[in-house]
Amino acid sequence: MPILNRAAEMQEEVAGWRRHLHQTPELNFDVFKTAAFVTDKLKAFGCDEVVTGLGKTGVVGIIRGRKGDGATIGLRADMDALPIEEITGKPWASTVSGKMHACGHDGHTAMLLGAAKYLAETRNFAGAVAVIFQPAEEGGGGGNEMVKDGMMERFGISRVFGMHNMPGLPVGQFAIKPGPIMAATAEFTITVKGRGGHAAMPHGTIDPIVITSQLVGALQTIASRSTDPVEAVVVSVTKFHAGDAYNVIPESAEICGTVRTLKKEVAKKSEERIRALCAGLATAFGASIEVDYDANYPVTFNHPEETIFASDIAADVAGDAQVHRAIQPVMGGEDFSYMLEARPGAFIFIGNGDSAGLHHPAYDFNDEVIPHGMSYWVRLAETALAA
Ligand code: NI
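Residues numbered from 1 in each chain as written. Predicted model: local features only at pLDDT ≥ 70, side-chain atom pairs only at ≥ 80, totals over all residues. Heavy atoms only, no water.

**Describing helix α9 (residues 304–318)**
For α9, which comprises 15 residues, the first-to-last C-alpha distance of 21 Å matches the rise-based estimate of 21 Å (1.5 Å per residue) to within 8%. Taken residue by residue, α9 has E306, T307, F309, A310, S311, I313, A314, A315 and V317 as its buried positions. Considering only its buried residues, α9 is in contact with β5 (157–166), β6 (174–175), β14 (300–302), β15 (323–324), β16 (345–351) and α11 (370–384). A positive phi of about 95° marks G319, the residue just after α9. (Helix = DSSP H or I, 4+ residues; strand = E, 2+ residues; numbered from the N terminus. Expected span 1.5 Å × (residues − 1). Buried < 20%, exposed > 50% of the residue type's maximum accessible area, 1.4 Å probe, protein only. Contact = heavy atoms within 4.5 Å.)

What follows is the structure, given as C-alpha cells:
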C-alpha cells in the first residue's frame, strides 16, 4: 500500500502546523509554546489521555484502538530547535533572533501530530498508541529524562519507534540498518598548565602551547593506532585556546572536543587513551594536565527484529526499491538511544530531498515529506497493533 490518501489530503494542514512551529523555535527544555501547541492539538483530536510535563516539558498522547485490548507502542518525535540564526528568507522563517529549526524537529513534530489526528479518527487497531513528543534532543537528553520519569512503565509501552529526516536522501525514500545506527557521544575539556614567561626566554618556561600541540597530534593516534581499523571512532579537537600576546608564553592552554563511537568497548578505550596520553605528556614535559570527560548520549542501537519490521513498513509505504536497509551508521548522536535502551524498537531516516544539511542556517524541513512520514507512522501503528 503506498501513501495513504488521507495523509496526502492532510499535507497542507500539517504543513501549516509545521510552518507555525518553524516560526517560533524554542531551545532545549524550554519548549513551552511548542508543548502547549502539541497538547492543544492532541486534546482537540480526542486522544484518550494527554499527559504533560514528562521529562520536564515532554508530552505524551494516548490513543486507544477500537478493536480491543492489546499492546501499547510508542512513536516519538522531538520538539526543540537550535541556537542558529536562520538565513532561509522563507515566509515562515524564524521570528526569534538566534534560534531556528535547523534539524527539522518542527517537521517531526508536525508529522507525528498528523499521524495522531489520523489514528484518533480511525482507531483501526487493538491496544494503544503512545505519541511521544520530547524536549531537548539537541544536547539536553530530554529522551533520557522522559524515560527516567517512568514513561515506559506508566503507559505500558512495549516497543518504541523514532524517525529523523535526512538531507540528501530523496523524498519518498527511507534508510535504516540493524544494530548501531548512530554514535555514542562524549565531550572532553583538557587544560594544560605549564609555566608562563618571556617568549624570548623559553628555557625558563613550561610552554603549554607546545605541549598541547603535541597532545592534539597524539590524540589522532586513538583512531589511527589504538583502535582496530574496522571499528569506528572519531576524535575531533574543536577548540584550542591559549595566549594573548606576541611576546608572552602563557601559563595554560585549553582544548575541547568530541569523541564518537559505535561500541562500548571502543568508547571506554578512547577515554582511557585520552587520559593516558595526557598523563604521559604531563610527565614528559613537567606540566600538569587536567581531563574533564563527559560521556553523553549512548549508541542508538536498532533492535534486529524491530528493524526488519520498520523496514517492511517503509517498503509497504514507499516501495521496496525506495528503502535502504543496510546504510552506514551516522556518527552523529541521538537521544532516542535512551528509549531504545529501555525498550526494543528502531530508528529510521526519511529522505528530506536536496536540502541544506542539518544544523545549517539555510536548512528547512521539506513539506513534501509529510505524507510519507505520516503514512509510515500510521501503517506502523496499524500493523504492529493489528487485532
Ligand atoms: Ni535532529
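**Thoughts on the nonpolar core**
One finds L42, V60, F133, M151 and Y376 to be the most contacted residues of the largest nonpolar core, which totals 82 residues. Sorting elements by how many residues they give to this core places helix α4 (residues 105–122) first, with nine residues. Beyond its immediate stretch of four places on either side in the chain, M151 contacts V60, I132, M146, I157 and M339. Counting residues in each nonpolar core, the second largest holds 23 residues, with I206, I211, V259 and V266 among its members. (Core = buried A, V, L, I, M, F, W, Y, C linked by side-chain atoms within 4.5 Å.)

**Comments concerning the domain arrangement of the chain**
Here the chain is described as being made up of domain 1 (5–182 + 299–384) and domain 2 (184–295). Measuring from the centre of the C-alpha atoms in domain 1 to the corresponding centre in domain 2 gives 38 Å. Between domain 1 and domain 2, the residue contacts involve eight residues of the former and ten residues of the latter. Interface area, domain 1 with domain 2, both sides summed: about 620 Å², of which 73% is carbon and sulfur. (Domains from an automatic or database assignment. Buried area = accessible area lost by both parts, 1.4 Å probe.)

**A short note on unusual backbone geometry**
Positive phi, close to 70°, is recorded for K56, a residue that is not glycine. Within the fold, K56 resides in the loop between β1 (49–54) and β2 (58–64). In this structure K56 comes out as exposed when scored by relative accessible area, which is 54%. Positive phi values are uncommon outside glycine, yet A136 reaches one of about 50°. The residue A136 is located in the loop between β4 (128–134) and α5 (142–148) in this model.

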